[in-house]
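For reference, the chains in residue letters:
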Amino acid sequence: MAKRSFVRTRALQDGMRIDQSIKDKNGRMLIGRGTILDTYMINSMLKLGIAGVYIGDGEEDKEEKKEEKEEIVISRQTQEVIEKNLTADPSKVKLTESVKKRVQEGIQYLFDNTQSENFTNATNTIAGDLMKAIMENDAIAVDIDTLKVSDEYTFKHSVDVATMGMIIAKKYGLSDKEIYEIGIAGLLHDVGKSKIPNEVLNKPGKLTDEEFALMKQHSLFGFGILKEKEDISDSIRMGVLQHHEKINGRGYPLGVPAGKINLYAKILSVADIYDALVTERPYKKAFSKRDAVEMIMSMTDELDISAMKSFLGSVILYPVNSIVQLSNGEKAKVVENNPDCILRPKVVGLTTGMVYNLSEDIKCASLVIQ
């Protein structure tokens, strides 16, 4: 049976599972119950003056992992097939703990100090950190699970959208300058929410019509904030203003059609929707990555098709070496991803050693990952 114990914050270690939630003074969720702690989160709790927290012993997880490990037995022949077909995933964006800390503190500063003379410099510093992380290992893919810089939704979401936007822009073929500017626009796309009252912004239930109308003004508020910054480009401002516009003209705040929507906004719109779908909020459960991708793929009347294709070529749903369940009942290991068909990688059955090339082999047409 799982147990919980009280541990002083200074005695916490990476990998411990917190058995309570941590909220800020405004009641906003900072760390959810069941979260695996890392150095950044522990240091954040120390800064908040939290003396100690309840920690679970993780016995349930150990049992689950033990059962899973016992259940999957790979023969030498199957292992040889796996190794023969193994093709590494493209490089993904990685942020060091020190960069995550700088980025989180920087984002919080921006939202709290929109009138500061140092606003643009702070934005450039964060965008520079993200650009460096992308260029250092020539990253062309992103896994938002590894980006986590904060448990505060607005800050996390801003970094996710900025990073994904930059990777999509790189796949799209834009210049380094444009990639960098899209990073800035992504970081600031929701800065107008700093003008929305907290009781509306963090409301756990459904918004009233009046509250929703106010929320829809955040892109206008953001544009107003950036209009006063002479060193922010017009493309960045328009990316912030139009990131909720749709190519069918049914978006907001202006309801303009595709031809009048800034390219930065078209790219950020895809990243914004995907990240919102896969993130749990007080009023909704998170969608699985697969379901979120399928929803994005169904939005051809709302999203720019070139931006969508660049997004689909930048997201890895099933990382190489991950275990998946096939619709024929067999578990399989992913050995190669196809950027043109991210829902259907090449896999090897763990019990049969069969190679299933889900995207290219016609014999696998009826086979899907569950």
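All values reported here derive from a predicted model rather than from experimental measurement. Residue numbering note: each chain is counted from 1, following its sequence as written. Residues qualify for local features only when their pLDDT is at least 70, as the model is predicted, and side-chain atom pairs are given and counted only at 80 or more; totals for whole chains, interfaces and linings, by contrast, use all residues. Computation of side-chain values covers all heavy atoms of the structure but excludes hydrogens and water.

Peer 1: Just give me the short version of the overall build of the protein, but keep the residues and values in it.
Peer 2: Counting secondary structure elements, the protein contains 14 helices and 9 strands. Here the C-alpha radius of gyration of the protein, 22 Å, is about what a compact globule of 370 residues would show, namely 21 Å. Its C-alpha atoms give the protein principal-axis dimensions of roughly 65 × 55 × 40 Å. Buried residues are those whose accessible area, probed at 1.4 Å on protein chains only, stays under 20% of the maximum for their type, while exposed residues exceed 50% and partly exposed ones sit between those limits. Here the protein, with 370 residues, has 48% of them falling under the buried criterion. Throughout, a contact is declared for two residues whenever any of their heavy atoms are within 4.5 Å. Considering only contacts in the protein between residues 6 or more positions apart, those separated by 24 or more positions represent 63%. In these tables, accessible area is a Shrake-Rupley quantity obtained with a 1.4 Å probe, and a residue counts as shielded only by the protein chains included in the view. On the protein, roughly 18,700 Å² of surface is accessible, and the fraction owed to carbon and sulfur atoms is 50%. Only DSSP runs of H or I covering at least 4 residues are called helices, and only runs of E covering at least 2 are called strands; the numbering of each starts at the N terminus. For the radius of gyration, the atom set is restricted to C-alpha positions; the globular benchmark scales as 2.2 Å times the number of residues to the power 0.38.

Peer 1: Just give me the short version of the packing of helix α12 (residues 263–278) against helix α13 (residues 289–297), but keep the residues and values in it.
Peer 2: Only C-alpha atoms enter the line fits that serve as axes; for helices the fit covers just the stretch in contact. Angles between N-to-C directions range over 0 to 180 degrees. One can describe the packing of α12 onto α13 by two numbers: an axis separation of 9 Å at closest approach and a directional angle of 145 degrees. Taken as a pair, α12 and α13 cross one another with a handedness that is right-handed. Mapping the contact onto sequence places Val270, Ile273, Tyr274, Leu277 and Val278 in α12 and Lys289, Ala292, Val293, Met295 and Ile296 in α13. Of the residues assigned to the contact of α12 with α13, the class counts are 9 nonpolar, no polar and 1 charged. The handedness criterion is simple: a crossing whose near helix is rotated anticlockwise from the far helix by less than a right angle is left-handed, and one whose near helix is rotated clockwise is right-handed. As a working rule, the residues Ala, Val, Leu, Ile, Met, Phe, Trp, Tyr, Cys and Pro are called nonpolar, Asp, Glu, Lys and Arg charged, and the rest polar, with Gly in that last group.

Peer 1: Describe the environment of Lys346, listing the residues and the values that go with them.
Peer 2: Structurally, Lys346 can be placed in strand β8 (residues 346–349). Overall, the relative accessible area of 17% leaves Lys346 in the buried class. When neighbours within four sequence positions are excluded, Lys346 is seen to be in contact with Asn85, Lys333, Val334, Val335, Glu336, Val355, Tyr356 and Asn357.

Peer 1: Residue-level account of the sheet that holds strand β1 (residues 4–8), with values.
Peer 2: A pair of strands is treated as paired once DSSP finds two or more bridges between them. Here 3 strands make up an open sheet; going across it, the order is β1-β5-β2 and the pairing antiparallel. In the strand order of this sheet, the two ends are held by β1 and β2 (17–18), each with one partner. Relative to strand β5 (residues 52–56), β1 runs antiparallel, the two sharing 5 bridges. Counterpart to Arg4 in the pairing with β5 is Gly56.

Peer 1: Give a detailed account of the packing of aromatic side chains, specifying residues and quantitative values.
Peer 2: The pairing test for Phe, Tyr and Trp rings, Trp by its six-membered ring, is centres within 6.5 Å, and the orientation test on the planes gives stacked under 30 degrees, edge-to-face over 60, and tilted for anything in between. Scanning the entire structure with this criterion turns up 2 aromatic pairs. Look at Phe111 and Phe155: their rings are 5.7 Å apart centre to centre, the planes differ by 65 degrees, and that puts the pair in the edge-to-face class. Placement of Phe111 in helix α4 (residues 97–112) and of Phe155 in helix α6 (residues 153–172) is noted, with a sequence separation of 44 residues between them. Grouping residues by exposure puts Phe111 and Phe155 together as buried. Directly above the ring of Phe119 sits Lys229, whose terminal nitrogen or CZ lies 4.7 Å from the centroid. Only when the NZ atom of a Lys or the CZ atom of an Arg is both within 6 Å of the ring centre and within 35 degrees of the ring normal do we say a charge sits over the ring.

Peer 1: Lay out the side chain of Lys246 in plain terms, naming residues and giving numbers.
Peer 2: Along the polypeptide, Lys246 turns up in the loop between α11 (234–241) and α12. Counting rule applied: Lys, Arg positive; Asp, Glu negative; His and chain ends not counted. Salt bridge criterion: a side-chain nitrogen from Lys or Arg within 4 Å of a carboxyl oxygen from Asp or Glu. One buried charge, Lys246, has no salt-bridge partner; the nearest side chain with opposite charge is Glu302, at 4.5 Å. Side-chain polar atoms of Lys246 contact the backbone oxygen of His244, separated by 3.4 Å. Those residues in contact with Lys246 that lie beyond four places of it in its chain are Gly251, Val256, Ile261, Ile273 and Glu302. In protein, a polar contact means a hydrogen-donor-capable atom and an acceptor-capable atom, both N or O and within 3.5 Å, with residues adjacent in sequence counting only if both atoms are side-chain atoms; elsewhere, any N or O pair within 3.5 Å suffices.

Peer 1: An account of the environment of Gln325 is needed here, citing residue identities and associated values.
Peer 2: By the secondary structure assignment, Gln325 is in strand β6 (residues 323–325). Sequence separation between Gln325 and Ala11 is 314 residues; the distance between their C-alpha atoms is 39 Å. Polar contacts involving the side chain of Gln325 include one to the main-chain carbonyl oxygen of Gly329, which spans 2.9 Å.

Peer 1: Please provide a residue-by-residue account of the pairing of β5, values included.
Peer 2: The element β5 is extensively covered by neighbouring structure, given that 4 of its 5 residues are classed as buried. Relative to β5, β2 runs antiparallel, the two being bridged by 2 bridges. Across the sheet, the residue bridging to Arg17 is Gly56, located in β5.

Peer 1: Requested: an account of the pattern of salt bridges, with residues and values cited.
Peer 2: In the structure shown here, the tally under the stated rule is 14 salt bridges. A salt bridge links Asp160 to Lys156, with the nearest nitrogen and oxygen atoms 2.5 Å apart. With Asp160 and Lys156 both in helix α6, this residue pair falls 4 residues apart, about one helical turn. For the pair Asp160 and Lys156, a shared accessibility class is recorded, and that class is buried. Through salt bridges that share partners, Lys156, Asp160 and Asp275 make up one connected network.

Peer 1: Could you give an account of α11, naming the residues involved and the relevant values?
Peer 2: Of the residues making up α11, those classed as buried are Ile236, Arg237, Gly239, Val240 and Leu241. Turning to α11, the residues buried within the fold contact α7 (176–188), α10 (218–227) and α12.

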